[in-house]
Amino acid sequence: MTIRDDHALAADLANEAGERLLRIRERMGYGDAAALRAEGDRASHVYLMESLARLRPSDSVLSEEATREERLDPRRLSAERVWIVDPLDGTREFSERLTEDDEVGRADWAVHVALWERGRLAAGAVALPAQGRTLTTAEPPKPPAFEKGRFRIAVSRTRPPEFVRKLAYLVGADLVPIGSAGAKISAVLTGEVEAYVHAGGQYEWDSAAPVAVAQAAGAHASRIDGSELTYNQADPSLPDILVSLPELATSLLAGIRDLHR
């Protein structure tokens, strides 16, 4: 088993789960959004859990869709290798159309597959199935260089933190609403925005895979106080995050500190 194998596996699993989700959405349509969300979560979780049990039987798994008892299983904390997965990041977006006449559906949702190994994120992939692309640590994207001037910060479509509005005014940025956390962080890496700032509640599975790719790509990724993002903790809550082009990290962290004094 090599690190390269883990990169490839993360990408393959995220891709296949994403393809299954596209087929589910095409088959079920948008008439019953709650049923579509439930089936998407369930089917992707089952596929990832069964695949990892078969392909990496000695590894532990932390999944958003696992039961509370499974997530709190203490054996995970002593494991050397833990897969951290979000079978469907952006469940709301998965079940929505942009307009009533839209038959394609929203594209800002993702599948996250990450490997934590001996204290760090070792591999990861973020599939964006409706966008037709997957970002992976095997071949991380190269973020564009920042040109001086106004820049863009990705924020939640439905619950952008008020302090981020104030931060944008302070640092001279525009806010861009995007759905899932994976789609937001991917947007930083592909040049659609230059930063993503969030505070107000997330878990390890919301960020592990996109952070693995962001770190491999050379982007900045930290808590909003500048401290390290840590994974495979007893409490999987990881409530805030900053991902940005490296040139912007210092000014964004300084702005956040000023707003929280």
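Residues numbered from 1 in each chain as written. Predicted model: local features only at pLDDT ≥ 70, side-chain atom pairs only at ≥ 80, totals over all residues. Heavy atoms only, no water.

Asks: Is there a simple way to explain the side chain of Glu 204 in this structure?
Replies: Relative to the assigned elements, Glu 204 resides in helix 8 (residues 204-217). Buried charge without a salt bridge: Glu 204, with Arg 76 as the nearest opposite-charge side chain at an N-O distance of 4.8 Å. Non-local contacts of Glu 204, meaning those with residues more than four positions away in its chain, are made with Leu 62, Ile 84, Thr 230, Tyr 231, Asn 232, Gln 233, Asp 235, Pro 236 and Leu 238. (Helix = DSSP H or I, 4+ residues; strand = E, 2+ residues; numbered from the N terminus. Buried < 20%, exposed > 50% of the residue type's maximum accessible area, 1.4 Å probe, protein only. Lys, Arg positive; Asp, Glu negative; His and termini not counted. Salt bridge = Lys/Arg side-chain N within 4 Å of Asp/Glu carboxyl O. Contact = heavy atoms within 4.5 Å.)

Asks: I would appreciate a short explanation of the packing of aromatic side chains in the present structure.
Replies: Within a pair of aromatic rings, the relevant descriptors are the distance that separates the centres and the angle that separates the planes. Applying the stated criterion across every chain, the model contains 3 aromatic pairs. With 5.9 Å between their ring centres and 90 degrees between their planes, Phe 146 and Phe 151 make a pair best called edge-to-face. (Phe/Tyr/Trp six-rings, centres within 6.5 Å; stacked < 30°, edge-to-face > 60°.)

Asks: What should I look at first to understand the side chain of Ser 51 in this one?
Replies: Following the sequence through the fold, Ser 51 ends up in helix 2 (residues 33-55). Apart from residues no more than four positions distant in its own chain, Ser 51 is found in contact with Leu 13 and Arg 56.

Asks: In this structure, what is going on with the pattern of salt bridges? I would like to understand it.
Replies: Considering all chains together, one arrives at 17 salt bridges under this definition. Where Arg 118 meets Glu 80, a salt bridge forms, and the shortest distance between an N and an O atom there is 3.1 Å. One end of the pair, Arg 118, is in the loop between strand 3 (110-117) and strand 4 (120-128); the other, Glu 80, is in the loop between helix 4 (75-78) and strand 2 (81-89), and 38 residues separate them in sequence. For Arg 118, a relative accessible area of 64% corresponds to the exposed category. Notably, a salt bridge pairs Arg 150 with Asp 174, separated by 2.8 Å at the nearest N-O pair. With Arg 150 in the loop between strand 5 (133-136) and strand 6 (151-156) and Asp 174 in strand 7 (residues 173-178), this residue pair connects regions lying 24 residues apart in the sequence. Residue classification places Asp 174 among the partly exposed positions, given a relative accessible area of 37%.

Asks: Whenever I open this one, the sheet that holds strand 7 confuses me. Can you help?
Replies: Through backbone hydrogen bonds, the strands of a sheet pair up, either in parallel or in antiparallel fashion. Read from one edge of the open sheet, 5 strands run 7-6-8-10-9, paired in mixed fashion. Each edge of the sheet is formed by a strand with only one pairing partner; in this case those strands are strand 7 and strand 9 (220-222). When the angles between neighbouring strand axes are averaged without regard to direction, this sheet yields 20 degrees. Bridge count for strand 9 against strand 10 (residues 240-244) is 3 bridges, and the pairing is antiparallel. (Pairing = 2+ DSSP bridges. Axes fitted to C-alpha atoms, helices over the stretch in contact; angles between N-to-C directions.)

Asks: I'm lost on the environment of Glu 139 in this one. Help?
Replies: Mapping Glu 139 onto the fold places it in the loop between strand 5 and strand 6. Of the residues examined, Glu 139 reaches a relative accessible area of 66% and is grouped as exposed. When the C-alpha atoms of Glu 139 and Ser 251 are compared, they prove to be 29 Å apart, with 112 residues separating the residues in sequence.

Asks: It is not clear to me how the pairing of strand 2 should be interpreted in this structure. Could you clarify?
Replies: A regular strand places its side chains on the two faces of the sheet in alternate fashion. Among the 9 residues of strand 2, 9 are classified as buried, and the element is accordingly described as predominantly covered. Looking at chain direction, strand 1 (residues 60-63) and strand 2 are connected through 4 bridges and run parallel. The residue of strand 2 that forms the bridge with Leu 62 is Ile 84. Summarising the sheet, strand 2 and strand 3 pair through 7 bridges and their orientation is antiparallel. Bridged to Asp 89 within strand 3 is Ala 110.

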